[in-house]
Amino acid sequence: MEDYEIVIGLEVHVELLTQSKMFCGCSTKFGQPPNTQVCPVCMGMPGVLPVINLKAIELALKAAIAFHSEISPYCRFARKNYFYPDLPKNYQISQYEQPIATGGYIEVDGKKIRLKRVHLEEDAGKLIHSEKGENFSFVDFNRSGIPLLEIVSEPDINSPEEAEKYLLTLKQILEYLEISDCNMEEGSLRCDANISVRKKGENRLGVKTEVKNMNSFKSVRKALTFEGRRQINLLKKGEEIIQETRLWNENLQITEGMRSKEEAHDYRYFPEPDLVPVEINAEWIEKVKETIGELPSERKERFMRDYNLSDYDATLLTSKKEIGDYFEKCVKKFNKPKIVANWIMGDLMAILKEKKIKINNSPMTPDYLVELLTLIEEKKITGTIGKEVLVDVFETGKSPSEIVKEKNLIQIQDEDFISKVIEEVVKENPQPVEDYKKGKEKAIGFLIGQVMKKTKGKANPQIVRELLIEHLKKI
Ligand SMILES: [Zn+2]
C-alpha cells in the first residue's frame, strides 16, 4: 500500500436554500406529500417557459466568492439531454460551457484543494420503488426543479480522510453562509467521487473509477478506502483497472461495478433556448459580497485572538454557526470566555447530544446559561450543583434561579454548620483521618468528599477544605 498514492476528485451537489424552485414559483419545502409542490413548469409540460430564480444565482455567487472562484461575466444555461422517469422534460437545465464560476479553492488543514468549476442546475424528481415486490415505481416531482449547485474539485485530494475533511469544510462554509442546509439524510448534499491510484512519484494519473451512492460522510470515507485498496490490489496482481461507475453497497461495505450499458451517456448539451444568458457585473458581485458574513476560518481566528481561546476550543466552537452564535451571546453578558467555552463544550454539548436537541432549540438558552454561571460565580451555588441545575433546566424548562430556589440548592457557607458536619465525618472515618495524620495528603480528598456528600453537594468546598485542615490539626 505504501508504494501507492490515492488521487481523489469530488463532485458535490447541494440544494440551495431558496423558498421557490429554480425556474418556477413552486415551494422547495422538504417532506411534503408527494406531488403537492408541482406546476406545469417543473412537470415539464409542453409550451411552458422557465424563469430564472435570482435568489439561486445570488446564493451561487456567494459560494463562488467564498471559494475564491472566478465569476463569469456571462453565464449561460444548457440542456443536458437524457431520458429517465424522474425527468419529465427529458432534459435537465444545467450549465455546460459557461458555468457561473471556475477555479478557486477550499482550504483543508492548510492545503488548498483546487476547484474546477461551480455551476447551477435543477434537481430531478425522485423515484420511490415499491417495497412490496410489485413491479412498478412511484415518481415524486416535489424535488423536480429545486436549484442545485454543483461543486467539482480538481483531483487534489490524497486520502479518504482528506476527502471527508474537505466535505466537512465545504459543508461548514455553505451552512455558515446560509447557502444550503447540507442535510445529507434529506438529500440536500450528495457526493460522487473520482478515484485512481498510482505509484508514488509518478506524474501520470491512473485509470479512474467513479464511485456513487454514498449516503453519509462516513460512507464516503469507507467507500474510498475500499475502492483505493481494490485498485491497488489489482495493480499489484498486474491486472488492469477498468474505467467504470461503481456503486457503494452500504450493507456489504464494498463498491460494485455498474453494467457499462447503464452509464453510456451522450448528453448532447446545447444552449437552453428559453433562457437568455445572465450578465453578472462587478456591481452585483460587490452587492453580494456585502451580504457575506464572517467565514468559519475567519471566525475561528477571531475567537482565538479576541477571547484568548486555544486552537482546539476555537475549532469546536466555530464548527457550527449556531454554536459560535450561542457562545458569543453568552460571552456578551458573562465575560469569561474560557469558562463559557468549557460549559458549552462539556456538559451542555453532552446533554444536547444525548437528547438529540440542536443548540438553537436548547431549553438552556444563552440567558439561562449566563444566569447559571453567575450563580456559580457569586458562590451562591457550587459547580457540582450547577451541573445538576443544567440537567433540571432540560427536564423542567424552568430558569436556573427558579430551580435553585425551589430545590433549596443555595450553597452552604455557614461555618458552624459545616464544622458540625466535619466532626461527624471525622468520627465516622477513623482510618482516613489516621492516614492523613501519618502524612498521606491524599486522604483529605476523601474526607472533603464525605462532607460534600452529607451536605448534598451544597457546602462551599473551599470552606470545607480550610475548616477540615484546621480541625485535623487539633486532633
Ligand atoms: Zn413548479
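Residues numbered from 1 in each chain as written. Predicted model: local features only at pLDDT ≥ 70, side-chain atom pairs only at ≥ 80, totals over all residues. Heavy atoms only, no water.

As for helix 10 (residues 383-396)
Residues spaced three or four apart along an α-helix point in a common direction, a consequence of the helix completing one turn every 3.6 residues. In plain terms, the rule: Comment: elements are numbered from the N terminus, with helices defined as DSSP H or I runs of at least four residues and strands as E runs of at least two. Each residue after the first adds 1.5 Å to the expected span of a helix. Residues are treated as being in contact if the distance between any of their heavy atoms lies within 4.5 Å.
When the terminal C-alpha atoms of helix 10 are compared, their 20 Å separation across 14 residues agrees well with the 20 Å that a helix rising 1.5 Å per residue should span. The inward-facing, buried residues of helix 10 abut helix 8 (337-355), helix 9 (366-377) and helix 11 (400-406). Where helix 10 ends, the next residue or the one after it, Gly-397, has phi of about 75 degrees, a positive value.

Observations concerning the sheet that holds strand 4 (residues 78-81)
Using the following cut-off: Whether two strands pair depends on DSSP finding at least two bridges between them.
Spatially, three strands are ordered 5-4-16 in an open sheet, and the strand pairing comes out antiparallel. Of all strands in the sheet, those with a lone pairing partner are strand 5 (91-94) and strand 16 (270-271), marking the two edges. The sheet contact formed by strand 4 and strand 16 spans two bridges and is antiparallel. Counterpart to Arg-79 in the pairing with strand 16 is Phe-270.

Things to note about the coordination of the zinc ion
The criterion, for reference: Coordinating donors are taken to be N, O and S atoms lying within 2.8 Å of the metal, or within 3.2 Å when the metal is Na, K or Ca; because water is excluded from the atom set, some sites may appear incomplete. Classification of residues uses two cut-offs on accessible area relative to the type maximum, computed with a 1.4 Å probe and protein chains only: under 20% is buried, over 50% is exposed, and between them is partly exposed.
At this site the zinc ion is bound by Cys-24 (SG), Cys-26 (SG), Cys-39 (SG) and Cys-42 (SG), with donor distances of 2.3 to 2.4 Å. Of note, the donors binding the zinc ion are all from one chain and are spaced C-x1-C-x12-C-x2-C. Here Cys-39 lies in the loop between strand 1 (4-15) and helix 1 (54-66) and Cys-26 lies in the loop between strand 1 and helix 1, a separation of 13 residues in the sequence. Relative accessible area serves as the criterion here: at 10%, Cys-26 is assigned to the buried category.

Notes on a negative patch on the surface
The condition that has to hold: For patch building, the residue pool is restricted to those with more than 30% relative accessible area and no salt bridge; the joining distance is 9 Å between like charges and 5 Å between nonpolar side chains (Val, Leu, Ile, Met, Phe, Trp, Tyr). Each accessible area is a Shrake-Rupley result for a 1.4 Å probe, and residues are judged covered by the shown protein chains and nothing else. A carboxyl oxygen of Asp or Glu within 4 Å of a side-chain nitrogen of Lys or Arg is what we treat as a salt bridge. Positive charge is attributed to Lys and Arg, negative charge to Asp and Glu, and no charge count is given to His or to the chain ends. For charged residues, the charge sits on one atom: NZ in Lys, CZ in Arg, CG in Asp, CD in Glu.
On the surface, Asp-414, Glu-415, Asp-416, Glu-466 and Glu-470 cluster together into a patch of negative charge. As for its position among the elements, Glu-470 is in helix 15 (residues 461-474).

A word on helix 14 (residues 443-454)
Here helix 14 contains 12 residues, and its C-alpha end-to-end distance of 17 Å stays within 8% of the 16 Å for a straight helix at 1.5 Å per residue. Among the residues making up helix 14, those that are buried are Ala-443, Ile-444, Leu-447, Ile-448, Val-451 and Met-452. Against the buried residues of helix 14 lie helix 12 (415-428), helix 13 (430-437) and helix 15. Note on helix 14: the residue one or two positions beyond its end, Lys-456, has a positive phi of about 55 degrees.

Bear in mind that shape data such as this cannot, by itself, settle questions of function.
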